[in-house]
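Structural overview for review
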Amino acid sequence: TVMINLSLNWWDYIALFSIIFIGIPHGALDGAIAITLGYTKNLTQKLYFIIIYLVVSLVVIILWYLFPVITLILFLLTSIFHFGCGDLGWKKDKLYFVCGYVHGGLVVLGIIFLNKVEVSYFFEILSGNQLSMLWVCLHIAIFLWFISIVYISLNYDKIRVSSYYIKLLMLISIIIILLPPLPAFAIYFCLIHSVHHVKRIVPILLNFMEKQKVIFLMIIFSLFSWFGCGIGFYFLSNLNTYPDTIIKVTFIGLAALTFPHMILVDGIFRSKFEI
């Protein structure tokens, strides 16, 4: 594989910093979510929750170091379902997950296949230049995405689609078609996915605690996340160029936070409150 030599533009840096400082805080609601779920009734439970959360994040980072391509594939796949299902109302049936795959695939696979050269550059930074297995998996994923669209079309009578959602799909499509990959992802992640998450989660949290406490916990967990990014940047900057470092910190850090976040939010919280 030939190493692609590209450089980041100013809009790429704005996108990366937006992901870190605007997008990541939506995941900082996890502390308030843990309280709502009753996981922090005493000091022991609080420590237990924090340790498990950190261990899962650390395992992701270690796996990325040991098996970068495989971990990147898993991250992309889980991101498709997390974004897709996260933007949809909760339902526990097969069609919900198929719709989630199509919605999330529009974002993740759309950005990847509309910007193959630039995205290949990012993939090489994140996982080295052995990308043949990654692209095989991505082509399988896009094939399954088209199959899923056919399946949804055949079951369209079972789906209630609002005009808002149609407009949302059109907006996402315009964003990923017209914009470079990092700005397109940043706009989706910060202004669509994160906003949907906050709107859906916060009303439930306010049934269990005051708004000031939700905001306080969000700030505290955001600061810890940014502190972790800072530590990662410090160590990686000694081994990589600045552009490579910021890309690794952003996306490996995002993966490390996404996995425990998904377990807590998608696996437990949303299914319990059906939101």
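Residues numbered from 1 in each chain as written. Predicted model: local features only at pLDDT ≥ 70, side-chain atom pairs only at ≥ 80, totals over all residues. Heavy atoms only, no water.

1. Notes on unusual backbone geometry
Backbone geometry at Glu274 places phi at a positive 50 degrees, although glycine is not the residue there. Within the fold, Glu274 resides in the segment after helix H11 (242–273). (Helix = DSSP H or I, 4+ residues; strand = E, 2+ residues; numbered from the N terminus.)

2. Quick look at the packing of aromatic side chains
Using the criterion set out here, one finds 22 aromatic pairs in the structure. Ring geometry for Trp145 against Phe146: centres 5.1 Å apart, planes inclined by 75 degrees, an arrangement best described as edge-to-face. According to the relative accessible area criterion, Trp145 is buried, its value standing at 12%. On the numbers, 5.3 Å between centres and 80 degrees between planes, the contact of Tyr234 with Phe235 is edge-to-face. Judged by its relative accessible area of 54%, Tyr234 falls in the exposed class. One aromatic cluster in this structure is built from Phe83, Phe185, Tyr188, Phe189 and Phe251. Lys116 extends its terminal NZ or CZ atom over the ring of Trp135, reaching a point 5.1 Å from the ring centre. (Phe/Tyr/Trp six-rings, centres within 6.5 Å; stacked < 30°, edge-to-face > 60°. Buried < 20%, exposed > 50% of the residue type's maximum accessible area, 1.4 Å probe, protein only. Lys NZ or Arg CZ within 6 Å of the ring centre and 35° of its normal.)

3. Overview of the side chain of His197
Along the chain, His197 turns up in helix H9 (residues 181–205). Those residues within four positions of His197 in sequence are excluded, and the remaining contacts are His26, Leu29, His261 and Val265. (Contact = heavy atoms within 4.5 Å.)

4. Overview of helix H3 (residues 43–66)
An ideal rise of 1.5 Å per residue puts 34 Å on 24 residues; H3 measures up with 34 Å between its terminal C-alpha atoms. Where H3 is concerned, the buried positions are Phe49, Tyr53, Ser57, Val60 and Trp64. Buried residues belonging to H3 abut helix H2 (30–36), helix H4 (68–86), helix H6 (116–127), helix H10 (211–236) and H11. (Expected span 1.5 Å × (residues − 1).)

5. Side note on the state of the cysteines
Summed over all chains, the structure comprises zero disulfides. Between Cys99, a free cysteine, and Cys85, which holds the nearest cysteine sulfur, the sulfur-to-sulfur gap is 9.0 Å. A disulfide-free cysteine, Cys137 has its sulfur positioned 20 Å from the sulfur of Cys85, the nearest such atom. Judged by its relative accessible area of 29%, Cys137 falls in the partly exposed class. (Disulfide = S-S within 2.5 Å.)

6. Points about the packing of H4 against H6
Close contact between H4 and H6 brings their axes to 9 Å; oriented N to C, the two are set at 125 degrees. Accordingly, the angle class assigned to the pair H4 and H6 is oblique. For the pair H4 and H6, the contacting residues are Pro68, Val69, Leu72 and Leu76 in the first and Phe123, Leu126 and Ser127 in the second. Classifying every residue of the contact of H4 with H6 gives six nonpolar, one polar and no charged. (Axes fitted to C-alpha atoms, helices over the stretch in contact; angles between N-to-C directions. Parallel < 35°, antiparallel > 145°, perpendicular 65-115°, else oblique. Nonpolar A, V, L, I, M, F, W, Y, C, P; charged D, E, K, R; others polar.)

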